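Residue-level structural notes
If you want the building blocks of each chain, they are given just below.
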Amino acid sequence: MVLTLLAGLVMAPASLEVTVDGVKRNAMVVAPASATQLAPLVFAFHGHGGNARSAMNQFKIEAAWPEAIVVYPQGLPTATPNDPKGQRNGWDMKRTADNKDLKFFDALLKEVQAKHKVDPKRIFAMGHSNGGGFTYTLWGTRGATFAAMGPSAAAGARQLTPKPAFIVMGEADTTVDPDRQRASIATVRKLNGAEGEGKAVGSNVTLFKGTHEVGTFVHSGGHKFPAECIRPMTDFFRRMKLQ
């Protein structure tokens, strides 16, 4: 496992297990080595076919934001349009009370809050592809929990409450239609009153001011998660707090 851990700032990853409806579910947690104050909390969801460890290696949020507690949940085999038999790990994006993954999130949040000093006004969710779609699902069903959201390579901006968001998309994505992703970005910007001209901030990043701020990271590549988006995403999250 390759992780960029800042010596003395973050602890080694620890496994966390919760039981949901009789099923054992797992996540990896990376926390600050010594927390004297309430810490921000980030949930990071892998794409379809991934797992908690692959998400740690892919996102490496703790390297960009060592003050944060980062939770990398692991999905269960879940059917998707690209995996109709449900042979690979993923996330259920249905917004129903019996959604096993929404229950998993609720149990994880409760357990992490019991074990760590979590700032309840600085809880965030991000994810890529199927994990990005589940980020939208959390936004639509658990929106009051979060200070900001970070979906990547995903669509699903419907029935949302206004909230800051940093959205990542690839213009050459052949898995999730870029037009659907652009439509989701437009929906979020309208929802947040951020439809004015944006301000370019570094490579690929545009910030849109509104009642709630929207950031976008639009790159020329395909469906692959761009590692270089993590720094501007975490910088965006650092500035957000529930009011």
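Position numbers for residues count from 1 along each chain, tracking the sequence in the order it is written. Local features in this predicted model are restricted to residues of pLDDT 70 or higher, and side-chain atom pairs are both shown and tallied only at a pLDDT of 80 or more, whereas totals for entire chains, interfaces and linings draw on every residue. Values reported for side chains reflect all heavy atoms of the structure, with hydrogen atoms and water molecules removed beforehand.

**Looking at the environment of Arg-180**
Selection criterion: Secondary structure counts use DSSP, requiring at least four H or I residues in a row for a helix and at least two E residues in a row for a strand, with both numbered from the N terminus.
Here Arg-180 is to be found in helix H5 (residues 178-191). A sequence separation of 23 residues divides Arg-180 from Ala-157, and the C-alpha atoms of the two residues are 9.6 Å apart.

**Looking at the environment of Val-18**
To be explicit about the condition: A 1.4 Å probe rolled over the protein chains alone gives each residue an accessible area, and that area as a share of the maximum for its type sets the label: buried under 20%, exposed over 50%, partly exposed in between. Whether two residues are in contact is decided by their heavy atoms, any of which lying within 4.5 Å being enough.
In this structure, Val-18 sits in strand E1 (residues 14-20). Val-18 gets classed as buried once you look at its relative accessible area, which sits at 7%. Between the alpha carbons of Val-18 and Thr-206 there is a distance of 38 Å; along the sequence they are 188 residues apart. Setting aside residues up to four positions removed in sequence, Val-18 forms contacts with Val-23, Lys-24, Arg-25, Phe-104, Ala-107, Leu-108 and Glu-111.

**Here's the deal with the confidence of the model for the chain**
Caution applies to low-pLDDT regions: their predicted coordinates should not be interpreted in detail. This is how the line gets drawn: The pLDDT score gives, residue by residue, the confidence of the prediction method on a 0 to 100 scale.
The pLDDT averaged across the chain works out to 94; a share of 96% of its residues lies at or above 70. Ignoring residues within four places in sequence, the model shows residues 1-5, a span with pLDDT below 50, making 18 contacts including any to other chains.

**Remarks on the pattern of salt bridges**
Our working rule: A side-chain nitrogen of Lys or Arg and a carboxyl oxygen of Asp or Glu constitute a salt bridge if their distance falls within 4 Å.
Following the criterion strictly, the structure yields 13 salt bridges and no others. Where Lys-94 meets Asp-92, a salt bridge forms, and the shortest distance between an N and an O atom there is 3.0 Å. Overall, Asp-92 belongs to the buried group, its relative accessible area being 12%. For Arg-182, the salt bridge goes to Asp-179, with nearest N and O atoms at 2.7 Å. Separated by three residues within a single helix, Arg-182 and Asp-179 lie in helix H5, roughly one turn from each other.

**Some remarks on the side chain of Thr-78**
Note the following rule: Any pair of N or O atoms that falls within 3.5 Å is considered a polar contact. Within protein, one atom must be able to donate a hydrogen and the other to accept it, and sequence-neighbouring residues count only if both atoms are side-chain atoms.
In this structure, Thr-78 sits in the loop between strand E5 (76-77) and strand E6 (89-90). Judged by relative accessible area, Thr-78 falls into the buried class, the value being 7%. Polar contacts involving the side chain of Thr-78 include one to the side chain of Lys-100, which spans 3.4 Å. Residue contacts for Thr-78: discarding those within four places in its chain leaves His-48, Asp-83, Gly-86, Arg-88, Gly-90, Trp-91, Asp-92 and Lys-100.

**Things to note about the nonpolar core**
Rules: We call a set of buried residues a nonpolar core when its members are Ala, Val, Leu, Ile, Met, Phe, Trp, Tyr or Cys and they connect through side-chain atoms within 4.5 Å of each other.
Grouped together as the largest cluster of nonpolar side chains are 39 residues, with contacts concentrated most on Leu-41, Phe-43, Leu-138 and Val-188. Counting residues per element, this core draws most heavily on helix H3 (residues 100-115), which supplies six residues. Beyond its immediate sequence surroundings of up to four residues, Val-188 is in contact with Tyr-136, Trp-139, Ala-157, Leu-160, Ala-165, Ile-167 and Val-214. Counting residues in hydrophobic clusters, the runner-up holds 31 residues, among them Ala-52, Ala-64, Phe-166 and Phe-237.

**A short note on the packing of H3 against helix H4 (residues 130-142)**
Formally: Axes here refer to lines fitted to C-alpha atoms; in helices the fit is confined to the stretch in contact. Angles between the N-to-C directions go from 0 to 180 degrees. Angle categories: roughly parallel below 35 degrees, roughly antiparallel above 145, roughly perpendicular from 65 to 115, and oblique for all the rest.
Where H3 meets H4, the axes come as close as 11 Å, and the angle between the chain directions of the two elements is 75°. What the angle tells us is that H3 and H4 run roughly perpendicular. Where H3 approaches H4, its residues Asp-101, Leu-102, Phe-105 and Asp-106 are matched on the opposing element by Phe-134, Thr-137, Leu-138, Thr-141 and Arg-142.

**A word on the packing of aromatic side chains**
Applicable threshold: Pairing of aromatic side chains here covers Phe, Tyr and the six-membered ring of Trp, requires ring centres within 6.5 Å, and sorts the geometry by plane angle: under 30 degrees stacked, over 60 edge-to-face, intermediate tilted.
Summed over the entire model, instances satisfying the criterion amount to 12 aromatic pairs. Aromatic side chains Phe-43 and Phe-45 sit 6.5 Å apart centroid to centroid with 15° between the ring planes, which places their arrangement in the stacked category. Across this residue pair, the class does not change: Phe-43 and Phe-45 are buried. Ring geometry for Trp-91 versus Phe-104: centroids 6.4 Å apart, planes at 10°, classification stacked. Remark: Phe-104 occurs in helix H3 and Trp-91 occurs in the loop between E6 and H3; sequence separation between them is 13 residues.

**Re H4**
What counts here: Any helix carries an expected span of 1.5 Å times its number of residues minus one.
Across its 13 residues, H4 extends 17 Å between first and last C-alpha, which sits within 8% of the 18 Å expected from 1.5 Å per residue. For H4, a buried count of 10 out of 13 residues is recorded, marking the element as mostly surrounded by other parts of the structure. The set of residues buried in H4 consists of Asn-130, Gly-131, Gly-132, Gly-133, Phe-134, Thr-135, Tyr-136, Thr-137, Leu-138 and Trp-139.

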